[in-house]
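# Working through the structure, step by step
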Amino acid sequence: MHRIVELIKADSMRIKLLQAVASLGLPDCYVAAGFVRNAVWDYLHNYTGTALSDIDVVYYSKKEIDETYFLEALKSIMPGCNWQIKNQAFMHHRNSDAPYLNTSHAMEYWPEIETSVGARMTDDEQIEVVAPFGVESLFAGYITRNPNRSSHIFSERVRTKGWLEKWPKLKVVL
């Protein structure tokens, strides 16, 4: 996890994004998916700052929270970013899974193992990383299907996301 923290610390934009999200005070909240994954893939390819198509903010609360309020807050702090906010406490309905216990547990059901990683800024300005599958395969340059998701979903995402075109050294693992 230390390597991810160092990559994020070296990227002033990612630091600002983490600070913006931390200011919201959402429970069990991380900036996840491409935010971390793309930073590692850029590092593996000696790229600097591949643009993020969106910024995925994930949190866990059994209480219904007005995500529009938080989305507007993020847009006012950092306009021009394509913010996405999802409460993982309810995503199991969409995915036809048993209820998730927390944000990290929800990540265990995301389509790719390497996407199942997030970071957050703590109250004492430290960067904390969550990766339920670890980060070894991410740093090995793999795109690995999560066995909790269908191979069709995985294959479709690999095809439509264009990851192999952007980062040609990556290896798909079914």
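Read on for an overview of the structure. Counting restarts for each chain, with residues numbered from 1 along the sequence as it is written. Whole-chain, interface and lining totals are the exception, using all residues; otherwise, since this is a predicted model, local features are given only for residues with pLDDT of at least 70 and side-chain atom pairs are given and counted only at 80 or more. Each side-chain value is derived from all of the structure's non-hydrogen atoms; neither hydrogens nor water enter the calculation.

### Let's talk about unusual backbone geometry
For Asp28, which is not glycine, the phi dihedral falls at a positive 45°. Secondary-structure assignment places Asp28 in the loop between helix 2 (12-22) and strand 1 (30-32). Located in the positive-phi region is Ala33, a residue other than glycine, with phi close to 60°. Labels follow the DSSP assignment, with helices taken as runs of H or I lasting at least four residues and strands as runs of E lasting at least two, numbered in each case from the N terminus. By the element assignment, Ala33 lies in the loop between strand 1 and helix 3 (34-45).

### Concerning a nonpolar patch on the surface
Taken together, Leu164, Val172 and Leu174 make up a surface patch of nonpolar side chains, about 270 Å² in accessible area. Here Val172 shows up in strand 7 (residues 171-173). Like charges within 9 Å and nonpolar side chains (Val, Leu, Ile, Met, Phe, Trp, Tyr) within 5 Å are joined into patches, using only residues over 30% in relative accessible area that form no salt bridge. The accessible surface values rely on the Shrake-Rupley method and a 1.4 Å probe; as for residues, cover is taken only from the protein chains in view. Salt bridges are defined by distance alone: a side-chain nitrogen of Lys or Arg within 4 Å of a carboxyl oxygen of Asp or Glu.

### Brief notes about the pairing of strand 5 (residues 127-130)
Of the pairings in the sheet, the one linking strand 4 (residues 118-121) to strand 5 comprises four bridges and is antiparallel in character. Within strand 5, the residue paired with Met121 across the bridge is Ile127. We call two strands paired when DSSP finds no fewer than two bridges between them. Adjacent in sequence and paired antiparallel, strand 4 and strand 5 are bridged by five residues, among which Glu125 carries a positive phi angle near 65°.

### Regarding the packing of aromatic side chains
Think of it this way: a Phe, Tyr or Trp ring, Trp meaning its six-membered ring, pairs with another when their centres are within 6.5 Å, and the plane angle makes it stacked under 30 degrees, edge-to-face over 60, tilted otherwise. Applying the stated criterion to the full structure yields five aromatic pairs. Ring centres 5.7 Å apart and planes at 70° place the aromatic pair Trp41 and Trp163 in the edge-to-face group. Within this pair, whereas Trp41 is found in helix 3, its partner Trp163 is found in helix 9 (residues 163-166), the two being separated by 122 residues in sequence. Centroid distance Tyr69 to Phe70: 5.1 Å. Interplanar angle 85°. Geometry classified as edge-to-face. Since its relative accessible area comes to 15%, Phe70 is described here as buried. Connected via pairs of aromatic rings, a cluster forms that spans Trp41, Trp163 and Trp167. In our convention, an over-ring charge means Lys NZ or Arg CZ found within 6 Å of a ring centre and within 35 degrees of that ring's normal. The ring of Phe139 is capped by Arg3, whose NZ or CZ atom sits 3.8 Å from the centre of that ring. The ring centre of Phe35 lies 5.4 Å from the NZ or CZ of Arg14, which sits over that ring. Think of it in three bands: with a 1.4 Å probe and only protein chains considered, a residue is buried below 20% of the maximum accessible area for its type, exposed above 50%, and partly exposed in between.

### A closer look at the environment of Lys169
With respect to the helices and strands, the residue Lys169 is situated in the loop between helix 9 and strand 7. Owing to a relative accessible area of 52%, Lys169 belongs among the exposed residues under this scheme. Between the alpha carbons of Lys169 and Glu72 there is a distance of 37 Å; along the sequence they are 97 residues apart. In what follows, residue pairs with any heavy atoms lying within 4.5 Å of each other are defined as contacts. Setting aside residues no more than four positions away along its own chain, Lys169 makes contact with Leu44, His45 and Gly141.

### Some remarks on the packing of helix 1 (residues 2-9) against helix 3
Closest axis-to-axis distance for the helix 1/helix 3 pair is 10 Å, and the angle between their directions is 90°. The orientation of helix 1 relative to helix 3 falls into the category roughly perpendicular. Listed contacts from helix 3 to Ile4, Leu7 and Ile8 of helix 1 are Phe35, Val36, Ala39, Val40 and Tyr43. Helix axes use the C-alpha atoms of the stretch in contact, all axes being lines fitted to C-alpha atoms, and the angles between their N-to-C directions lie in the range 0 to 180 degrees. An angle counts as roughly parallel when it lies under 35 degrees, as roughly antiparallel when it exceeds 145, as roughly perpendicular when it falls between 65 and 115, and as oblique in every other case.

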